[in-house]
Amino acid sequence: MSFAVVNATAFAVHLLLVCSAADFMADPVLGETGIGVPALLLQAVLLVWTAARYDRRADDSRTGRGHIAHERGEY
């Protein structure tokens, strides 16, 4: 559930900024690259990070083992 909430919130904020503050999102950061591109990359990083975190939790709950067994290399 937290995966969906975090990513949906980030998407909603990004969409709101694009729709309502187009001039702000177009401000150049590096050369002709606007703020929108790094914001989109940050959103992608957040998506990958939360997906990896969600997957790790799902894996631990299926096997019944905690992080300690995983850190020791026990499978």
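In this numbering scheme, every chain counts its residues from 1 along its sequence in written order. Local features in this predicted model are restricted to residues of pLDDT 70 or higher, and side-chain atom pairs are both shown and tallied only at a pLDDT of 80 or more, whereas totals for entire chains, interfaces and linings draw on every residue. Hydrogens and water molecules were not included; the side-chain quantities draw on all heavy atoms of the structure.

Draft legend 1. Region of the structure containing a nonpolar patch on the surface. Every patch collects residues that have over 30% relative accessible area and no salt bridge, joining them within 9 Å if they carry like charges and within 5 Å if they are nonpolar side chains (Val, Leu, Ile, Met, Phe, Trp, Tyr). Accessible areas in this description were obtained via Shrake-Rupley with a 1.4 Å probe; residue shielding takes into account the shown protein chains only. By salt bridge we mean one thing: a side-chain nitrogen of Lys or Arg within 4 Å of a carboxyl oxygen of Asp or Glu. Taken together, Val13, Leu17 and Phe24 make up a surface patch of nonpolar side chains, about 240 Å² in accessible area. Given a relative accessible area of 41%, Phe24 falls into the partly exposed group. Relative accessible area decides the class of each residue, using a 1.4 Å probe on protein chains only: under 20% of the type maximum gives buried, over 50% gives exposed, and in between gives partly exposed.

Draft legend 2. The confidence of the model for the protein, seen in detail. Summing up the model confidence of the protein, the mean pLDDT is 78 and the portion of residues at 70 or higher is 73%. When mean pLDDT is compared element by element in the protein, helix H1 (residues 2-20) scores highest at 85, while helix H4 (residues 67-72) scores lowest at 58. Note on scores: pLDDT gives the predictor's confidence for each residue, bounded by 0 and 100. Every helix listed is a DSSP run of H or I at least four residues long, and every strand listed is a run of E at least two residues long, numbered separately from the N terminus.

Draft legend 3. Main features of the environment of Gly34. Locating Gly34 in the fold gives a position in strand S2 (residues 33-34). In this structure Gly34 comes out as buried when scored by relative accessible area, which is 11%. With eleven residues separating them in the primary sequence, Gly34 and Asp23 have C-alpha atoms 9.5 Å apart. Once residues lying within four places of it in the same chain are set aside, the contact partners of Gly34 are Met25, Ala26, Asp27, Pro28 and Val29. Contacts were defined at the residue level, with two residues in contact if any of their heavy atoms lie within 4.5 Å.

Draft legend 4. Seen up close, the environment of Gly36. Its place among the elements puts Gly36 in helix H3 (residues 36-63). Its relative accessible area of 18% is what places Gly36 among the buried residues. Sequence separation between Gly36 and Val18 is 18 residues; the distance between their C-alpha atoms is 7.7 Å. Apart from residues no more than four positions distant in its own chain, Gly36 is found in contact with His14 and Met25.

Draft legend 5. Quick look at the side chain of Asn7. Here Asn7 lies in helix H1. In this structure, Asn7 is in contact with Leu46, Leu47 and Thr50, ignoring residues within four places of it in sequence.

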